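Understanding the architecture of this molecule
One-letter residues, chain by chain:
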Amino acid sequence: MKPAIFMDRDGTLSHEVGYVNHVSRFRPYPWSVDAVRLANRSGFLAVVVTNQAGVARGYFPEPVIHEVHASLVATMEAGGARLDGIYFCPHHPTVGEPPYRKDCDCRKPRPGLVRRAESDLGIDLARSFVVGDRIGDLELAWGVGAKGVLVKSGYGLGELTYNVPSWPRKPDLVAENILEAVQRIVSEAGTRT
Ligand SMILES: [Mg+2]
Ligand SMILES: [Zn+2]
């Protein structure tokens, strides 16, 4: 079993622009390719986990998500980086119509996306990390026994400044962005073994 670095999408791998309701709005950070390639070379699976409730809310149809993720994969491949999995939750518990209006188990911080990846890819969660810009990403990490890393990109700086002080548990790591996060995860893992 391999460890994984689970990566949030919006605000972590790409600019937080609100709902990405068209592929043209999707803008990966320039350093995200380097981050994923470093994870690839360091023995970590690189897995994207993202909430996309805009589908349930009726803001855009589900194929837009597939288009965005195809674009993300192409960007990664062009830079010699590989995503081992991309998992998304299109649901919302109270808004919209079934099947998207659903009290699902996959909307972060619930663990469904990570559990699916765990069974698809064979992941050692105790040695894994979830990197994201919202508290929900860290709650996801802690709920599955992984470590939670907060990035300052996206909503992260605001979370760190205004909300982290009152969180009952502090992030296991705080990083400027996803690249620094992966660099520090990798070096920490290196010193442990
Ligand atoms: Mg985010
Ligand atoms: Zn869901």
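Structure's up top.
In this report, we go over the structure that sits alongside the text. It should be emphasised that the depicted structure is a prediction, and the values quoted were computed from it without experimental measurement. (Residues numbered from 1 in each chain as written. Chains lettered and ligands numbered in written order. Predicted model: local features only at pLDDT ≥ 70, side-chain atom pairs only at ≥ 80, totals over all residues. Heavy atoms only, no water.)

What follows deals with the coordination of the zinc ion (ligand 2). Reference values for angles at a metal are 109.5 degrees in the four-donor tetrahedral case and 90 or 180 degrees in the six-donor octahedral case. Looking at the zinc ion (ligand 2), the protein donor atoms are Cys-89 (SG), His-91 (ND1), Cys-104 (SG) and Cys-106 (SG), and they sit 2.1 to 2.3 Å from it. Considering all four donor atoms around the zinc ion (ligand 2), angles at the metal cover 103 to 117° and the coordination shape is tetrahedral. Sequence spacing of the donor residues for the zinc ion (ligand 2), all on one chain, is C-x1-H-x12-C-x1-C. Residue Cys-89 is located in strand β3 (residues 85-89), and its partner Cys-104 is located in the loop between β3 and α3 (112-121); the two are separated by 15 residues in the primary sequence. (Donors = N, O, S within 2.8 Å, 3.2 Å for Na, K, Ca; no water. Tetrahedral: all angles 85-135°; square planar, octahedral: opposite > 155°, others 65-115°. Helix = DSSP H or I, 4+ residues; strand = E, 2+ residues; numbered from the N terminus.)

With that settled, the discussion passes to the coordination of the magnesium ion (ligand 1). Within the protein, the magnesium ion (ligand 1) binds to Asp-8 (OD), Asp-10 (O) and Asp-133 (OD); these donor distances fall in the range 2.1 to 2.2 Å. Of note, the magnesium ion (ligand 1) draws all its donor residues from one chain, in the sequence arrangement D-x1-D-x122-D. Within this pair, whereas Asp-8 is found in the loop between β1 (4-7) and α1 (32-41), its partner Asp-133 is found in the loop between β4 (129-132) and α4 (135-143), the two being separated by 125 residues in sequence.

Here helix α2 (residues 62-78) is 17 residues long and its end C-alpha atoms lie 25 Å apart, about the 24 Å a rise of 1.5 Å per residue gives. Buried within α2 we find Val-64, Ile-65, Val-68, His-69, Leu-72 and Met-76. Down the axis of α2, the smallest arc covering the buried residues is 130°, so these residues share one side. When the buried face of α2 is taken as reference, the exposed residues oriented beyond 90 degrees from it are Pro-63, Glu-77 and Ala-78. (Expected span 1.5 Å × (residues − 1). Buried < 20%, exposed > 50% of the residue type's maximum accessible area, 1.4 Å probe, protein only. Arc of directions from axis to C-beta.)

With that out of the way, let us pick up the sheet that holds β4. On the basis of which strands lie adjacent, the open sheet formed by six strands has the order β3-β2-β1-β4-β5-β6 and parallel pairing. Looking along the sheet, the strands with just one partner apiece sit at the ends: β3 and β6 (173-175). Across the sheet, the mean angle separating the axes of adjacent strands is 20° when strand polarity is ignored. (Pairing = 2+ DSSP bridges. Axes fitted to C-alpha atoms, helices over the stretch in contact; angles between N-to-C directions.)

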